[in-house]
Amino acid sequence: MAEVKTAMKNKDSFKSTTLRSVLSEVYNADKASSEGKIDSSKIAVILRKAVERRSEAVAKFQAASRDDLAKKELQEVNIISNFLPPTLTEMEVDDIVSSILKTLPATNPPQRALGTIFKEFYSQVDKSRVDAELVKRRVQALMSATT
């Protein structure tokens, strides 16, 4: 909220508009939540989705040769990214997944084991701290390396 006020005082309409749009998403999630206020991990998920949406828009605008709009979306990504908590590195994800793989029985079929691994992984790690695609890639790579 302080960043929005600062942007408004500095007459930075682009930054204030970007932050207001993300804040509105957070407020909407607050209203939709049955518990009232949402916790910080859900806010981080909202921020990551906003960054992901804008990143996809950048790719589409560049494909359509609309570099002006792509640049605008990229600036929004940079502004929102400043508020994201750091994600786990690939090495940290590998360590957690490896420890989970060591505890699994070898008799599980691969697809069933995959679900068990994800369930165990997300019980140990907050979803807002990892990139789901990275986790999926690393789990599949480590499973194929162990078989």
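These lines cover the structure that appears in this document, whether it is placed above or below. All values derive from a computational prediction rather than experimental measurement.

What about the overall build of the protein chain?
Each helix and strand counted, the protein chain has seven helices and zero strands in total. Taken from the N to the C terminus, the helices and strands of the protein chain come in the order α-α-α-α-α-α-α. Oriented by its inertia axes, the alpha-carbon framework of the protein chain measures out at about 60 × 45 × 25 Å. With 147 residues in all, the protein chain has 33% of them scored as buried. Accessible surface computed for the protein chain: about 9,800 Å², of which carbon and sulfur atoms make up 54%. Of note, the protein chain has its 24 positive side-chain charges centred 4 Å away from the centre of its 20 negative side-chain charges.

Some details on the environment of A141
Mapping A141 onto the fold places it in helix α7 (residues 132-146). Overall, the relative accessible area of 27% leaves A141 in the partly exposed class. Along the sequence, A141 and M8 sit 133 residues apart, while their C-alpha atoms lie 47 Å from each other.

Some remarks on the pattern of salt bridges
This structure, assessed with the given rule, holds eight salt bridges. For D68, the salt bridge is made with R66, and the minimal N-O distance between the two is 3.3 Å. We note a salt bridge from D94 to R138, for which the minimum N-O separation is 2.7 Å. Residue D94 is located in helix α5 (residues 90-103), and its partner R138 is located in helix α7; the two are separated by 44 residues in the primary sequence. Of the two residues, D94 and R138, both sit in the buried class. Members of the salt-bridge network, linked through shared partners, are R54, K72, E73 and E76.

Details of the environment of L101
Its place among the elements puts L101 in helix α5. Judged by relative accessible area, L101 falls into the buried class, the value being 19%. Sequence separation between L101 and L69 is 32 residues, and the spatial gap between their C-alpha atoms is 44 Å.

Side note on a negative patch on the surface
Residues E52, E56, D131 and E133 make up a contiguous surface patch of negative charge. For D131, the location among the structural elements is in the loop between α6 (110-124) and α7.

Notes on the side chain of S41
Looking at the element boundaries, S41 is found in helix α3 (residues 40-63). Apart from the residues lying within four places of it in its own chain, the contact partners of S41 are D126 and S128.

Some points on the packing of aromatic side chains
On inspection of all chains with the given rule, the structure shows one aromatic pair. For K127, the ring lying beneath its charged end belongs to Y122, and the centroid distance is 5.4 Å.

As for unusual backbone geometry
Here the phi dihedral of K11 falls at roughly 55 degrees; this positive angle occurs in a residue that is not glycine. A residue is classified by how much of its surface remains accessible, and K11, at 74% relative accessible area, is exposed.

Calculation criteria
- Residues numbered from 1 in each chain as written.
- Predicted model: local features only at pLDDT ≥ 70, side-chain atom pairs only at ≥ 80, totals over all residues.
- Heavy atoms only, no water.
- Helix = DSSP H or I, 4+ residues; strand = E, 2+ residues; numbered from the N terminus.
- Buried < 20%, exposed > 50% of the residue type's maximum accessible area, 1.4 Å probe, protein only.
- Areas by Shrake-Rupley, 256 points an atom, 1.4 Å probe, with all protein chains shown as cover.
- Lys, Arg positive; Asp, Glu negative; His and termini not counted.
- Charge placed at Lys NZ, Arg CZ, Asp CG, Glu CD.
- Salt bridge = Lys/Arg side-chain N within 4 Å of Asp/Glu carboxyl O.
- Patch = residues over 30% accessible without salt bridge, like charges linked within 9 Å, V, L, I, M, F, W, Y side chains within 5 Å.
- Contact = heavy atoms within 4.5 Å.
- Phe/Tyr/Trp six-rings, centres within 6.5 Å; stacked < 30°, edge-to-face > 60°.
- Lys NZ or Arg CZ within 6 Å of the ring centre and 35° of its normal.

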